[in-house]
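As a plain string of letters, each chain reads:
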Protein chains: 2
Amino acid sequence: MDRSEAESTLNKVSFDSQLQEGYQGIRLIMRAILRGKNVPIHDISKITGIPVPAVSAARRELEKRKFLVRSGGATLTDAGLDMLSLIGICDQEVPRFKAPYEVPDVMLDQIAKFDELGEGRPDPDYSLDQSHAISTTCFRRAMYFHENDAIEGRDIAILGDDDLTSLAIMIYSQEYGLNIKSLNIFDIDQRILNFIESISKKFDVEINLYEIDLIQELQDSYKGRYDVIISDPPYTVEGLTRFAAIGAQMAKEYVGAIAFLSYPNLGPVGNSVFFRNISEIGFSPKELIPGFNEYIGAQMHAGISNIGRFFISGENIDVAEMYSGGIYTRHRGDWD
Amino acid sequence: MDRSEAESTLNKVSFDSQLQEGYQGIRLIMRAILRGKNVPIHDISKITGIPVPAVSAARRELEKRKFLVRSGGATLTDAGLDMLSLIGICDQEVPRFKAPYEVPDVMLDQIAKFDELGEGRPDPDYSLDQSHAISTTCFRRAMYFHENDAIEGRDIAILGDDDLTSLAIMIYSQEYGLNIKSLNIFDIDQRILNFIESISKKFDVEINLYEIDLIQELQDSYKGRYDVIISDPPYTVEGLTRFAAIGAQMAKEYVGAIAFLSYPNLGPVGNSVFFRNISEIGFSPKELIPGFNEYIGAQMHAGISNIGRFFISGENIDVAEMYSGGIYTRHRGDWD
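Since the structure is predicted, the reported quantities are computational estimates derived from the model, not experimental observations.

The rules behind these values
- Residues numbered from 1 in each chain as written.
- Chains lettered and ligands numbered in written order.
- Predicted model: local features only at pLDDT ≥ 70, side-chain atom pairs only at ≥ 80, totals over all residues.
- Heavy atoms only, no water.
- Helix = DSSP H or I, 4+ residues; strand = E, 2+ residues; numbered from the N terminus.
- Buried < 20%, exposed > 50% of the residue type's maximum accessible area, 1.4 Å probe, protein only.
- Domains from an automatic or database assignment.
- Contact = heavy atoms within 4.5 Å.
- Buried area = accessible area lost by both parts, 1.4 Å probe.
- Polar contact = N/O pair within 3.5 Å; in protein donor to acceptor, adjacent residues only side chain to side chain.
- Nonpolar A, V, L, I, M, F, W, Y, C, P; charged D, E, K, R; others polar.
- Pairing = 2+ DSSP bridges.
- Salt bridge = Lys/Arg side-chain N within 4 Å of Asp/Glu carboxyl O.
- Least-squares fit on C-alpha atoms with pLDDT ≥ 70 in both.
- pLDDT = per-residue confidence, 0-100.

**Q** Can you break down the environment of glycine 256 of chain B residue by residue, with the values?
**A** Positionally, glycine 256 of chain B belongs in the loop between helix 10 (237-250) and strand 7 (257-263). Overall, glycine 256 of chain B belongs to the buried group, its relative accessible area being 0%.

**Q** Which residues make up the domain arrangement of chain A, and what values do they have?
**A** Residue and element names in this part refer to chain A. Domain boundaries in chain A define domain 1 (3-86) and domain 2 (105-312). Averaged C-alpha coordinates put domain 1 and domain 2 at centres separated by 34 Å. Between domain 1 and domain 2, the contact holds nine residues from the first and eleven residues from the second. Taken together, both faces of the contact between domain 1 and domain 2 bury some 810 Å²; the carbon and sulfur share is 60%. The three residues of domain 1 that bury the most area against domain 2 are Gln20, His42 and Lys46, which together make up 53% of that side's buried surface. Across the contact surface, domain 1 and domain 2 share one residue pair in polar contact (both at pLDDT 80 or more). Among the secondary structure elements, those contributing two or more residues to the side of domain 1 that touches domain 2 are helix 3 (41-48) and helix 4 (52-64). No other element matches helix 3, which puts three residues into the side of domain 1 that touches domain 2. Class assignment of the residues belonging to the side of domain 1 that touches domain 2 gives a composition of three nonpolar, four polar and two charged.

**Q** Can you lay out the pairing of strand 1 (residues 68-71) of chain A for me, pointing to particular residues and giving the numbers?
**A** All names here are of chain A. Relative to strand 2 (residues 73-76), strand 1 is paired through four bridges, and the arrangement is antiparallel. Counterpart to leucine 68 in the pairing with strand 2 is leucine 76. Connecting the antiparallel pair strand 1 and strand 2 is a turn made up of one residue, with glycine 72 showing a positive phi of about 85°.

**Q** So what about the interface of chain A and chain B? Which residues, and what values?
**A** Listed as interface residues are 103 residues of chain A and, on the opposing side, 104 residues of chain B. Across the chain A to chain B interface the summed buried area is about 9300 Å²; carbon plus sulfur atoms make up 57%. Applying the counting rule to chain A against chain B returns six salt bridges. As a salt-bridge pair, aspartate 149 of chain B and arginine 27 of chain A come within 2.6 Å of each other at their nearest N and O atoms. Where chain A meets chain B, there are 30 residue pairs in polar contact (both at pLDDT 80 or more).

**Q** Would you mind going over the relation of the copies chain A and chain B in detail, with residue names and values included?
**A** Once chain A has been moved 0.0 Å along the axis and rotated by 180°, it coincides with chain B to within an RMSD of 0.0 Å. The superposition operator between the copies reduces to a two-fold rotation axis. Mapped onto chain B, 100% of the interface residues of chain A are again interface residues, and the two copies thus contact each other with one and the same surface.

**Q** Help me get a handle on the confidence of the model for chain A, residues and values and all.
**A** In the predicted model, chain A carries a mean pLDDT of 89, and the fraction of residues at 70 or more is 92%. Note that residues 317-336 of chain A has pLDDT below 50 and, in this model, 49 contacts with residues that lie over four places away or in other chains.

Structure (structure tokens):
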């Protein structure tokens, strides 16, 4: 077998497993197994950013062709190793980047306080796609929000808060003397609102709790009122788009807002559609961080998701005016 | 003066300086000055992600109202500090995340080799928006490409290579025994192609050099041929979109491709339009890293730019099929 036969074999594998990521996805999966040796399916999903059911289908096809065997996790056979070698992938040791966005140890006390106060929180309601982020993730978020000017003096809206991100924000802000203007929690689940209300009394912060079904039309009193929109929506393209659209309506009209959206590893099509949708409603992407959020459970998504930071402009976007000049800077009179 | 008067004053400042980032942008600029004390305009731009000319206009308006003075860099006056305090911003010390994507010291020898081999390279042609990335940036890219399976066994296309990213890839791959399938450099500037040709002889890699004006229609022989598309295009929305579109045409048809696009801190409108444009041509965003690239000079963009990693699907995106179900996962029969 030569390289191009190996490529078409792997292409066929991706086709038979209906993998949207195609040949590229099969390479990523096999590379993850090569490096990790005996690798559980959830770890493959985490490393490759490919959803668990898709990894599972690909693994079945690779197994059928005897490129891998399962013994606990997945391991490549000699035939599998040969395939990788034919397409040019070997098992070299190279220097790696350090994991970004690590929560520093100095915050462990805050995390302990979070765990203590969070005891007795309601169990996740899986029918609403709830699943709890781990405590460290909540503080990673609080730090990241503050790094991006989203806490001090802010009217903050959290759309769905089964993760208790609000609690982490309160502990973090108290610790460093950050002054929140108001913390506004919107949730369909009264249990969560009640729980947050009970713990919020320990903090000196204006907190407002609203029971709301975000599938319904947003009432006018919530529109145009918030500087910061935080959400970890239901993990479908429709759910993500819907929550983002509500967030855009909640953004202060003249000043705009900063939005933080958590979202899963969608297939390439879903991911493209999601980004097209939200750019149409005025979300301007500033940073996307893979694997930022970690969850307890959340099987389908391998217990991780990504976070995006967006600027929502208060002004309308006039697309036409963007297409008048040449492509090089020298063709234009102005920077924007 | 109370909080809401302070907010409308700063909002007015943003309006008078025609700052697209509005009130949010003024806050970011003032916060950067608060933290850094005497801060040069380019540093403010780097920290805030707001383009230099926009920061400059905002600084003029803040100076006019006596919220800041200039003495080398910008410094807040007592009146400026009062404004920040009114909107809730104080100068607290909080733990910070470590800088992500640092190139490890173990690669310093490779960087030295790059600097040595790169001596005598052609000077930047500013009329083509050329400006050289610093050597460390080129190796940060090489590491990042390999981490994302974009080097081994790959047909790599680089669209414009005045940065000599190809040289960093060659040194890095030689060091770790990574086997590139082919390295293909497309540039309008024959000086750059000649220089790369002269140094490439020191490496055992298939390298192809093409003089090409990417504003012209792409000839068929370049279409559908590459796994990896790398570009640091001219920094206008039109230029970025054009280079991305060419990249999409170059991507292998059935297997798709991985694209790495560098892009500047655009205003919110330009940024939205850029992302809308590229999602329409099939770019699915996987990661966006602010400030990834650093340049020598490049005044307008404060010497930095961002990088985005994208998956270009080989298949057509059928948007209609994405909108059939409910928003929660339980409403759907399947993961995609």
